[in-house]
Amino acid sequence: MNQKSSSPITRRDFFKNCAYHASSIIIFNQFTHHELFAQETTMTHSNHELDFTNNLKSLDLSPAKWIWYPSRRTLQNSFFLFRKEITLSEVPIQATGWIVADSRYLLAINGKRMQWGPAPCDPRWVEADPLDLSQQLKQGKNIIGAQVLFYGQGDGTWPIGKPGFIFLLDIEFANGQKQQIISDSSWQVQLARSWQPGHYKRWYVRALQEEFDARVYPYGWTEPDFITNEDWLPAMVLDCPADRPSLGANYSEYLFDISGDRNNTAIRPRSVPFMKEIMVPAVKLAESMWIKWIRPATEYFEFVTPNAFEVDRTPAATEVNSNTWEIQMEASQAAALTFEFKEQIVGWPYFTIDAPGGTIVELMIQEAHEVGGPALLNTHHHSWARFICKPGVNHFETFDFESLRWLQLHIHNAKGKVTVSQVGLRRRIFPWPNPVQISCADPTLQKLLNAAINTLNNSAQETIVDGMGRERQQYSGDCGHQLHAIWNTYGEFRQPARFLNTFSQGLTQDGYFLDCWPAYDRLARLMERQLQLTPWGPLLDHSVGFNFDCYYHYLYTGDLTALKEVFPRLIRFFQYLQKIRQENGLLPVENIGIPAVWIDHAAYQKTRHKQCAFNLYAAAMVMHAFAPLCEAFGETLWKKKALNFGQELLQAIQKAFWSNELGIYINNLPWYAEEHAPRMCDRSLATAILFDQCPQNQMKASLEVLANCPPEMGLSYPANANWRLWALAKGQRIDVVLNEFRTRWNAMQSVHLNNTLQEDWEARPDSGSQWSHCPVVPLYVFYMNIIGLMPKTPGFQTYQLWPQLGDLKEINAIAHTVRGPIVFQSKGLPGNRKIMIETPQNTIGELILSDKEEVKLTLSGKSTLPGTKVYQLMGGQKFKLDLKFT
């Protein structure tokens, strides 16, 4: 973005458009994420409603300055404490502003925790967090404190960047006077050696391996009566404009030697609300035991040395009350206490410990654990943090958030009595605009719906990720399907809009998208692919899927503004596909250089078997997602090119993979003479059914194979299982869909143990398995295929309702559309079923029922679905129907 041509948004304009509201959260009396004097309070928080056009404007934080610790380099995983003392003549009536830090900050006012941020973003287009401190500042002396971490090394939530901190606060008083607080050299900053600067990275896509020493932490530093010493230095002002991120500063980034082009960067206002925070205590102490170290414990946690310890499973802890436990320690002993939560959740683990100074505690987390299994929970990608106690009572909380159901405290280097209490997690959840309103009388299906809802709470926050336990990375493709659940279940449209914009910013110079962005993984893979060190290049099928994400957002919301930046990038990707198409008219899946084609890891025996599915997917995308978007943006030439490309691609696919004999797509048909046995996949067959890609619409054989799952058909993993279920529903085989949920999905251990949906059909406890992934298929299939709700025209002006209720006796659901809620209720079984539908104003619905039904509704044209009729549902009305065949 050129600085002169950018359209700056003022703070006043932003706050005028923001709807600040009170959100109930937990804060600390004595600030620091390690101090747990928790109390529940209500504070004004910066959650807001935003016009998506704000995302396209530059935010100028002048006269604030980018500041940092006086230095010439910053080591990875270093923490800094920024402190500003201000004096107010009276209590303000308003105090609003902005804050940004690279990489993460924790803000406190007068010792109370305020907010944690910023949201994961592309370092070129960082989002500033709004501030509303109107209820927090008092007359007299006030302290503003920001604890800032610079990752330095790549993380699933942070691809790359340069350190910096900027703060701007406009204060207004009842008498009309104003005061402005800005970050500049008057701020004090301390290098927080309570965390060792330059500490090693946790693992590939987790930057911070936290190690905190309470003995050297300046407790009370955000309190007004704290006295600073010589370790507090005047902040260094960075040479970086206040309307550009710190990426453009002249400060040396010594790890990667990067510099940002200021003309192609901007600061933008935060585009989603802050997460809601809820304190969740552990349910119980599940087990405790003694650990005898043969090798040093520090060495084990650094290198995972085998045979480093022996286990004595005699209980080490004695319960004092429901949330307090005592351990009598000897200097040579170590104790491990394993705590269990009701379900898997995401947030910041915390605990209180009363122990001698120098006592060391490793806090380990795990998504799934079997009591009596591994003694130490260091079994999940090195997921541990270390805390060293000061004498007496210590309140610890991790700085970064985790995903877990099990929390373990490994306590050592102590002699005498140690008391552990208040073990829990500060849960973070997106503040959804509407409550979940979906239920059915089938307990198995209801359990799946509950697990899907909890999973969505874990995976859809500032970014929409695959799982918070392993990567925390935002993907399209299989992860993008979560958008259907977000739109229907919650009526949330800001979060998907942010997903589209932030993901699209990962467009490469070659024209394909980094399939997880903003995240570190694919940046590293670019280097690795050059040296042929990994099969994991940027996934082209996720770039294809992203086009569908964009089109569905337009279809659900009618909003093109959120796609203004995105759409030109979609054109770039279409041009890339044109460029790589082979002479035989097909898109390749092998030997394509840096990127790769994944489609799914479970359904294919060989990479070349993916070519049929990938090409069908791409053909469907250009014709049914990209072309309609071209039309919406008035790009008729690109629409024509897309439709021609799709038709040519489909003809090449049919020529190469369609079996006239079997009436079905065969993945290995070009190599059948070599392989001797046919291979199919659910993805190819489902895509062909959904987008009418079978010659002469011959989908009967495909539907039969999808229903019966013969061994020669590869079956997708859970997050891609929706394709098969969508196709079965289109083929009116809802009986198979319901059976899948009651058998294959209900067999997931995570559903019954963690109230979540796991990554793979099988998951092992005490491993790296993701027990809370992103396959919220039961939730959106319930809306899209069982209730049968889909928009027909952008913004839900017209929509389709095709209920296929099977043997479900009772359903109650509300879909929150952009035009208002659609209420659906059903009671009874086929032969005696009553349904009730309430429609929002200014909409026209099409209700699809069996042509045998006799209902007093107006017909709405001729149905294209065999055995059905279409009826009109006018907006703003309630319909009650008695059905015999639906």
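As the structure is a prediction and not an experimental result, all values here were calculated from the model.

A. The overall build of the chain, seen in detail. Secondary structure assignment for the chain yields 17 helices and 44 strands. Computed over its C-alpha atoms, the radius of gyration of the chain comes to 28 Å, within 12% of the 29 Å expected for a compact globule of 886 residues. Here the C-alpha coordinates of the chain stretch approximately 80 × 65 × 60 Å along the principal axes. By sequence separation, contacts in the chain at least 24 residues apart represent 75% of the contacts at least 6 residues apart. For the chain, the accessible surface area stands at approximately 31400 Å², while carbon and sulfur atoms represent 48% of it. When the 83 positive and 88 negative side-chain charges of the chain are each reduced to one mean point, those points stand 4 Å apart.

B. Structural detail: helix α14 (residues 722-730). Of all nine residues in α14, eight are buried; the element is thus mostly enclosed. Where α14 is concerned, the buried positions are N722, W723, R724, L725, W726, A727, L728 and A729. Those residues of α14 hidden inside the fold are in contact with α4 (482-490), α9 (611-632), α12 (682-690), α13 (700-708), α15 (734-745) and α17 (777-786).

C. Representation of the packing of α4 against helix α7 (residues 540-557). The geometry of α4 relative to α7 is characterised by a closest axis approach of 11 Å and an angle of 10° between their N-to-C directions. Taken together, α4 and α7 sit at an angle that is classed as roughly parallel. Crossing handedness for the pair α4 and α7: right-handed. Of α7, the residues touching α4 (which contributes L483, H484, W487 and N488) are D549, Y552, H553 and Y556. Looking at the contact of α4 with α7 residue by residue, the class counts come to four nonpolar, three polar and one charged.

D. Local environment of unusual backbone geometry. Put simply, D102 and S103 share a cis peptide bond, and its omega is 25°. By the secondary structure assignment, S103 is in the loop between β7 (94-102) and β8 (104-109). One non-glycine residue with positive phi stands out, namely D766, at about 55°. Of note, D766 is situated in the loop between α16 (749-753) and α17.

E. Main features of the packing of α14 against α15. In contact at an axis separation of 7 Å, α14 and α15 are set at 150° when each is read in the N-to-C sense. Overall, the two elements α14 and α15 adopt an arrangement that is roughly antiparallel. Counting all contacts with α14, which are made through R724, L725, L728 and A729, the residues of α15 involved are I734, V736, V737, E740, F741 and W745. In terms of residue class, the contact of α14 with α15 is made up of eight nonpolar, no polar and two charged.

F. Broad picture of the layout of surface pockets. Estimated volume of the largest pocket: approximately 1000 Å³. Lining the largest pocket are 29 residues, and of these L690, K730, M790, P791 and Q800 sit closest to its centre. Within the residue set of the lining of the largest pocket, elements represented by two or more residues are α7, α14, α17, β37 (789-791) and β42 (844-850). For the lining of the largest pocket, the residue count by class is 16 nonpolar, eight polar and five charged. Taken as a whole, the second largest pocket encloses approximately 680 Å³ of empty space. R124, Q505, L507, T508 and Q509 are the residues nearest the centre of the second largest pocket, which is lined by 28 residues in total. Of all the secondary structure elements, the ones that give two or more residues to the lining of the second largest pocket are α6 (521-530) and α8 (566-580). If you tally residues by element for the lining of the second largest pocket, the top one is α8, at three residues. Residue classes in the lining of the second largest pocket are distributed as 13 nonpolar, eight polar and seven charged.

G. View of empty space enclosed by the protein. Scanning the model with the defined rule gives ten cavities of 30 Å³ or more in all. Considering the residues around the largest cavity, the lining is formed by 19 residues, among which D102, C121, P123, V126 and W158 are closest to the centre. Here the lining of the largest cavity takes three residues from β7, the largest share from any one element. Looking at side-chain class alone, the lining of the largest cavity contains 14 nonpolar, three polar and two charged residues.

H. Inspection of helix α5 (residues 494-504) at higher detail. Most of α5 is tucked away: eleven of the eleven residues are buried. Residues of α5 that are buried include every one of R494, Q495, P496, A497, R498, F499, L500, N501, T502, F503 and S504, and no others. Looking at the buried side of α5, the elements it contacts are β10 (125-132), α4, α7 and α8.

I. Representation of the environment of R427. Here R427 shows up in strand β31 (residues 416-429). Judged by its relative accessible area of 7%, R427 falls in the buried class. For the pair R427 and E277, spaced 150 residues apart in the sequence, the C-alpha separation amounts to 5.4 Å. Non-local contacts of R427, meaning those with residues more than four positions away in its chain, are made with K276, E277, I278, V280, E343, Q344, I345, V346, G347, N454, N457 and N458. Side chain to side chain, R427 and N454 meet in a polar contact 2.7 Å long.

J. Looking closely at the sheet that holds strand β18 (residues 233-234). Strand order in the open sheet formed by six strands is β9-β8-β11-β6-β14-β18, with antiparallel pairing between adjacent strands. Single-partner strands in this sheet number two, and they are β9 (112-117) and β18. Across two bridges, strand β14 (residues 188-191) lies against β18 in antiparallel orientation. Bridge assignment links Q188 to a residue of β18, and that residue is P234.

K. Representation of the side chain of R833 in the model. Within the secondary structure, R833 sits in strand β41 (residues 832-838). One buried charged side chain, R833, makes no salt bridge at all; its nearest oppositely charged neighbour is D807, positioned 6.8 Å away. At 2.9 Å, the side chain of R833 forms a polar contact with the backbone oxygen of L808. Not counting the four nearest positions on each side in its chain, R833 is found in contact with L805, G806, D807, L808, S826, K827, G828, L881, D882, L883 and T886.

L. Structural view of the confidence of the model for the chain. Per-residue pLDDT for the chain averages 93, and the proportion of residues at 70 or more is 94%. This model gives residues 1-55 a pLDDT under 50, and the stretch forms 194 contacts once residues within four places in sequence are excluded.

M. How the structure looks around the sheet that holds strand β44 (residues 878-883). In space, the five strands of this open sheet follow the order β32-β39-β40-β41-β44, with antiparallel pairing throughout. Lying at the two open borders of the sheet, with one neighbouring strand each, are β32 (438-440) and β44. If you compare each strand with its neighbour and ignore which way they point, the axes differ by 10° on average. The pairing of β32 with strand β39 (residues 810-817) spans three bridges and is classified as antiparallel.

N. Quick peek at the pattern of salt bridges. Taken as a whole, this structure holds 49 salt bridges when the rule is applied. Note that R206 is salt-bridged to D155, the shortest N-O span being 4.0 Å. Here R206, found in strand β16 (residues 206-208), pairs with D155, found in the loop between β11 (140-150) and β12 (164-172); they are 51 residues apart in sequence, far enough to count as distant. Owing to a relative accessible area of 0%, D155 belongs among the buried residues under this scheme. For R270, the salt bridge goes to E462, with nearest N and O atoms at 3.6 Å. In this pair, R270 is assigned in the loop between β20 (266-269) and β21 (276-281) and E462 in the loop between α3 (443-459) and α4, connecting sequence segments 192 residues apart. In this pair, the class of R270 matches that of E462, namely buried.

About the cut-offs
Within any chain, residue numbers begin from 1 and follow the written order of that chain's sequence. Predicted model: local features are reported for residues with pLDDT of at least 70 only, side-chain atom pairs are reported and counted for 80 or more only, and whole-chain, interface and lining totals are derived from all residues. Derived side-chain values reflect all non-hydrogen atoms in the structure, with water molecules and hydrogen atoms excluded from consideration. Each helix is a run of DSSP H or I of at least 4 residues and each strand a run of E of at least 2, with the numbering of both proceeding from the N terminus. Only the C-alpha atoms count toward the radius of gyration. The rule for a globule is 2.2 Å times the residue count to the power 0.38. Every residue pair with non-hydrogen atoms within 4.5 Å of one another is taken to be in contact. Only the protein chains shown count as covering a residue, and every accessible area follows the Shrake-Rupley method with a 1.4 Å probe. In this count, Lys and Arg are taken as positive residues and Asp and Glu as negative ones, while His and the chain termini are left out. We put the charge of a Lys on NZ, of an Arg on CZ, of an Asp on CG and of a Glu on CD. Three labels apply to residues, based on accessible area from a 1.4 Å probe with only protein chains included: buried if under 20% of the type maximum, exposed if over 50%, partly exposed otherwise in between. As a rule, the C-alpha atoms of each element are fitted with a line to give its axis, helices using only the stretch in contact, and angles between N-to-C directions run from 0 to 180 degrees. Between 65 and 115 degrees an angle is taken as roughly perpendicular, under 35 as roughly parallel, over 145 as roughly antiparallel, and anywhere else as oblique. Each crossing gets its hand from how the near helix is turned against the far one by less than a right angle, where anticlockwise is left-handed and clockwise is right-handed. Each residue receives one of three labels: charged for Asp, Glu, Lys and Arg, nonpolar for Ala, Val, Leu, Ile, Met, Phe, Trp, Tyr, Cys and Pro, and polar for the others, Gly being one of them. In the cavity and pocket records, a cavity denotes points on a 1 Å grid over the protein atoms alone where a 1.4 Å probe fits but cannot get out, a pocket denotes an open set with protein on both sides within 12 Å along at least 5 of 7 lines, and lining residues are residues with an atom within 4 Å of a point. Grid points are joined across faces, edges and corners, and a volume is the space filled by probe spheres set on the points. Contacts described as polar in this section are N or O atom pairs within 3.5 Å, which, within protein, must combine one atom able to donate a hydrogen with one able to accept it, while residues neighboring in sequence count only if both atoms come from side chains. Strand pairing requires that DSSP identify at least two bridges connecting the strands. For this document, the term salt bridge refers to a Lys or Arg side-chain nitrogen within 4 Å of an Asp or Glu carboxyl oxygen. As a per-residue quantity, pLDDT reports the predictor's confidence and falls between 0 and 100.

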